[in-house]
Amino acid sequence: MQYNYRYRVKTSDLWQASMYYAYSSYMGVVNIACIAASIALIVSKWRGASDFFRAVLILFLLTFTVIQPVMIWFRAKASLKGHYPELDLTFSDSGMIIEADGKRQHKGWKDVKGVVKKPTILVVYMGDGQGYILRNSILGNTKKGLFKLINDMTATGKK
């Protein structure tokens, strides 16, 4: 089986991966706890609170629901440095072929560290620290098949 995807990397791809990573880690637990605490404080203290304290409560809630995601967006945008490369990724039994910026390279399955499936993206991690983010709009109905191929090829030692 062979899968081929041609797409342009977007800021939203990096942002989604960063948000999934953030909320899948210990930081995500802290964020959820802070969001819940801020909502509980707003509900319980709003009536008797001064205008200043209300503003602090709103800012506390906005920090984790708006400000942090916006900061992650700007970090993702900065990491691309205005360069949105077009990638052509081909996955087959022999490994991956990556074409970008006029360069072509073949990576065997021994070079693939793993794959993570999230609701809106699939992230292929490489042994050299790089990774490839494939969003659902690119994957279409091949997401499950590609995920299975990568898992099978990296787990069974077919390298």
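Read on for a plain summary of the structure. All figures in this text were calculated on a predicted structure; none of them were measured in a lab.

1. Overview of the environment of Gln 68
As for its placement among the helices and strands, Gln 68 is situated in helix α3 (residues 51-80). Overall, the relative accessible area of 19% leaves Gln 68 in the buried class. Considered as a pair, Gln 68 and Gln 105 are 37 residues apart in the sequence and their alpha carbons are 36 Å apart. Residues contacting Gln 68, with those up to four places away along its chain left out, are Tyr 23, Met 27, Asn 31 and Thr 63.

2. Things to note about the packing of helix α2 (residues 26-45) against α3
At their nearest, the axes of α2 and α3 sit 10 Å apart, and the two run at 150° to each other. Compared by their axis directions, α2 and α3 come out roughly antiparallel. Note on packing geometry: the crossing formed by α2 with α3 is left-handed. Mapping the contact onto sequence places Met 27, Asn 31, Cys 34, Ile 35, Ala 37, Ser 38, Ile 39, Leu 41, Ile 42 and Lys 45 in α2 and Phe 53, Leu 57, Ile 58, Phe 60, Leu 61, Phe 64, Thr 65 and Gln 68 in α3. Counted by class, the contact of α2 with α3 contains 13 nonpolar, four polar and one charged residues.

3. Examining the nonpolar core
Ranked by internal contacts, the top residues of the largest apolar core, which has 25 residues, are Phe 91, Val 124, Leu 134 and Leu 146. Listed by contribution, the elements that provide at least two residues to this core are β1 (3-8), β2 (86-92), β3 (95-100), β5 (112-117), β6 (121-126), β7 (131-135), α4 (136-139) and α5 (143-155). The element that contributes the greatest number of residues to this core is α5, accounting for four residues. Those residues within four positions of Val 124 in sequence are excluded, and the remaining contacts are Phe 91, Met 96, Val 112, Gly 114, Val 115, Gln 130, Gly 131, Tyr 132, Leu 134 and Ile 150.

4. What about the sheet that holds β5?
Ordered by their spatial adjacency, three strands build an open sheet running β5-β6-β7, and the pairing between neighbours is antiparallel. Both outer strands of the open sheet, β5 and β7, are each paired with one neighbouring strand and no more. Across the sheet, the mean angle separating the axes of adjacent strands is 15° when strand polarity is ignored. Relative to β6, β5 runs antiparallel, the two sharing five bridges. The residue bridging Val 115 from the neighbouring strand is Val 124, located in β6.

5. A few points about the pairing of β7
In terms of burial, β7 is a largely internal element, four of the five residues being buried. Looking at chain direction, β6 and β7 are connected through five bridges and run antiparallel. Counted as the bridge partner of Ile 121 is Arg 135 from β7. Here β6 folds back onto β7 in antiparallel fashion, the turn holding four residues, of which Gly 129 has a positive phi close to 90°.

6. Some remarks on unusual backbone geometry
For residues besides glycine, phi is generally negative; the peptide bonds are generally trans as well. Unlike most non-glycine residues, Lys 81 shows phi in positive territory, near 50°. Position of Lys 81 relative to the elements: it lies in the loop between α3 and β2. With a relative accessible area of 73%, Lys 81 lands in the exposed category. Positive phi values are uncommon outside glycine, yet Asp 101 reaches one of about 50°. Within the secondary structure layout, Asp 101 lies in the loop between β3 and β4 (103-107).

7. What about the packing of aromatic side chains?
Throughout the structure, instances matching the rule amount to three aromatic pairs. The residue whose ring lies beneath Lys 117 is Phe 147, and the NZ or CZ to ring-centre distance is 4.7 Å.

Cut-off values and rules
Residues numbered from 1 in each chain as written. Predicted model: local features only at pLDDT ≥ 70, side-chain atom pairs only at ≥ 80, totals over all residues. Heavy atoms only, no water. Helix = DSSP H or I, 4+ residues; strand = E, 2+ residues; numbered from the N terminus. Buried < 20%, exposed > 50% of the residue type's maximum accessible area, 1.4 Å probe, protein only. Contact = heavy atoms within 4.5 Å. Axes fitted to C-alpha atoms, helices over the stretch in contact; angles between N-to-C directions. Parallel < 35°, antiparallel > 145°, perpendicular 65-115°, else oblique. Left-handed = near helix turned anticlockwise from the far one by under 90°. Nonpolar A, V, L, I, M, F, W, Y, C, P; charged D, E, K, R; others polar. Core = buried A, V, L, I, M, F, W, Y, C linked by side-chain atoms within 4.5 Å. Pairing = 2+ DSSP bridges. Phe/Tyr/Trp six-rings, centres within 6.5 Å; stacked < 30°, edge-to-face > 60°. Lys NZ or Arg CZ within 6 Å of the ring centre and 35° of its normal.

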